[in-house]
Amino acid sequence: MQQDRGEMSMNGRICLITGATSGIGLVTARELAARGATVAMVGRNETKTRAAVEAIRQQTGNAEVDYLLADLSSQAAVRGVADAFQRRYGALHVLVNNAGAVFMRRQQTADGLEMTFALNHLAPFLLTNLLLDTLRANTPARVVTVGSVAHNGAHIPFDDLQQTKGRYSAFGVYGQTKLANIMFTYALSRRLEGSGVTANTLHPGFVGSNFARNNGPVMNVAMSLARSFAINVEKGAETSIYLASSPEVATVSGQYFYQCKPKRSSQASYDVAAQERLWQVSEQLTGLA
Ligand SMILES: NC(=O)c1ccc[n+]([C@@H]2O[C@H](COP(=O)([O-])OP(=O)(O)OC[C@H]3O[C@@H](n4cnc5c(N)ncnc54)[C@H](OP(=O)(O)O)[C@@H]3O)[C@@H](O)[C@H]2O)c1
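The numbers attached to residues start from 1 for each chain and follow its sequence in the written order. The model is predicted, so local features are restricted to residues of pLDDT at least 70 and side-chain atom pairs to those at 80 or more, both for listing and for counting; the totals for chains, interfaces and linings are taken over all residues.

## Regarding the overall build of the chain
And step 1. Here a strand is any run of E in DSSP of at least two residues, a helix any run of H or I of at least four, and the numbering for each starts at the N terminus. Scanning the chain from terminus to terminus reveals 9 helices and 8 strands.
And step 2. Since a compact globule built from 289 residues should have a radius of gyration of about 19 Å, the 17 Å found for the chain is in line with a globular shape.
And step 3. Partly exposed residues are those whose C-beta has more than 12 but fewer than 20 other C-beta atoms within 10 Å; with 20 or more the residue is buried, with 12 or fewer it is exposed, and the C-beta atoms are placed from the backbone. By residue count, 48% of the 289 residues in the chain fall in the buried class.
And step 4. Think of it this way: build a C-beta for each residue from its backbone, and any pair within 7 Å is a contact. By sequence separation, contacts in the chain at least 24 residues apart represent 76% of the contacts at least 6 residues apart. Put simply, the radius of gyration uses C-alpha atoms, and a globule should come to 2.2 Å times the residue count raised to 0.38.

## Quick word on the packing of helix α3 (residues 75-89) against helix α4 (residues 115-136)
And step 1. Whenever a helix is involved, its axis is fitted only over the stretch in contact; in every case the axis is a line through C-alpha atoms, and angles between N-to-C directions fall within 0 to 180 degrees. Relative orientation of the contacting elements α3 and α4 amounts to 25°, with a least axis distance of 10 Å. On the basis of their axis angle, the class for α3 and α4 is roughly parallel. Considering the relative orientation of α3 and α4, their crossing is right-handed. Along its contact with α3, which presents Gln75, Val78, Arg79, Ala82 and Gln86, the element α4 presents Ala123, Leu126, Leu127, Leu130, Leu131 and Thr134.
And step 2. Here the nonpolar group is Ala, Val, Leu, Ile, Met, Phe, Trp, Tyr, Cys and Pro; Asp, Glu, Lys and Arg are the charged ones; every other residue, Gly included, is treated as polar. Taken together, the residues of the contact of α3 with α4 sort by class into 7 nonpolar, 3 polar and 1 charged. Roughly parallel means an angle under 35 degrees; roughly antiparallel means over 145; roughly perpendicular covers 65 to 115; every other angle is labelled oblique. Here a crossing is called left-handed whenever its near helix is offset anticlockwise from the far helix by less than a right angle, and right-handed whenever the offset is clockwise.

## Remarks on the environment of Tyr242
And step 1. Relative to the elements of secondary structure, Tyr242 occurs in helix α8 (residues 238-245).
And step 2. Judged by C-beta crowding, with 23 C-beta atoms within 10 Å, Tyr242 ranks as buried.
And step 3. Distance in space between the C-alpha atoms of Tyr242 and Lys261 is 9.6 Å, their sequence separation being 19 residues.

Next comes the structure, spelled out in structure tokens:
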């Protein structure tokens, strides 16, 4: 169980968590449920997601845990899950944008977009924007977006967001999308100033989850070896849980956290013009513009 970092009771708080079937998201969902929250877990595989819900209900004794299905690489599915969530719950207090992945080879989504950028950045961008009025209407509310230290050294490739030019670098692209998560959080926080909705991002640490295991047997072996250097998923979820629940950060917004403490992100992430350009292009690519 998570050590006590001043988490408040989450009774009466409605939380929506993406990527809640595995790793950091699964522990985050469980710990918020353990604190009494109503938890909506987003998964993409019905059997796996239902099993995760059942396990959390049993482990926590909280029956207010349920699921919604969406392959978040599809914008129609993101819109569908936002609609289904609003119809079922009506209110939202905590949105945890956690789902994310790395892809060793360039892939395209059903919308014809590069997969990493679509799943890791455009999906949380679209989901958050679709739920923003609901968050604003249910303050105090929080948006937590899981970034990564992998953003260091990255820049947003505005001239090639779809990665069609040159050699595809999986972890290079992944780092760009995690930079996008952080820049999105900073731009979102500006838009939410004074609203009672906070927006923060974080690096969870190097976590022994299922991360990168979607890339075949060689990558699986590599990840198994790397796992001995990783922290466990309980530890890896601590900062997400902290940002979602602790009174210590009730009014803190627009920050990047590591180990439950604010930390400076890369110089590039603070470029306001680039943040706004990313916001605009993301609006266009998601049909929000
Ligand atoms: N592990 C690390 O060291 C590390 C470090 C820094 C940041 N992060 C970030 O932490 C977050 C969580 O990763 P994790 O380490 O917990 O990895 P994980 O165990 O692989 O969990 C990823 C979650 O995202 C879901 N997901 C993946 N693709 C999806 C899609 N197309 N539609 C809907 N859901 C999808 C997965 O669903 P399934 O269960 O169906 O696969 C799973 O629930 C990610 O944003 C990652 O970038 C991880």
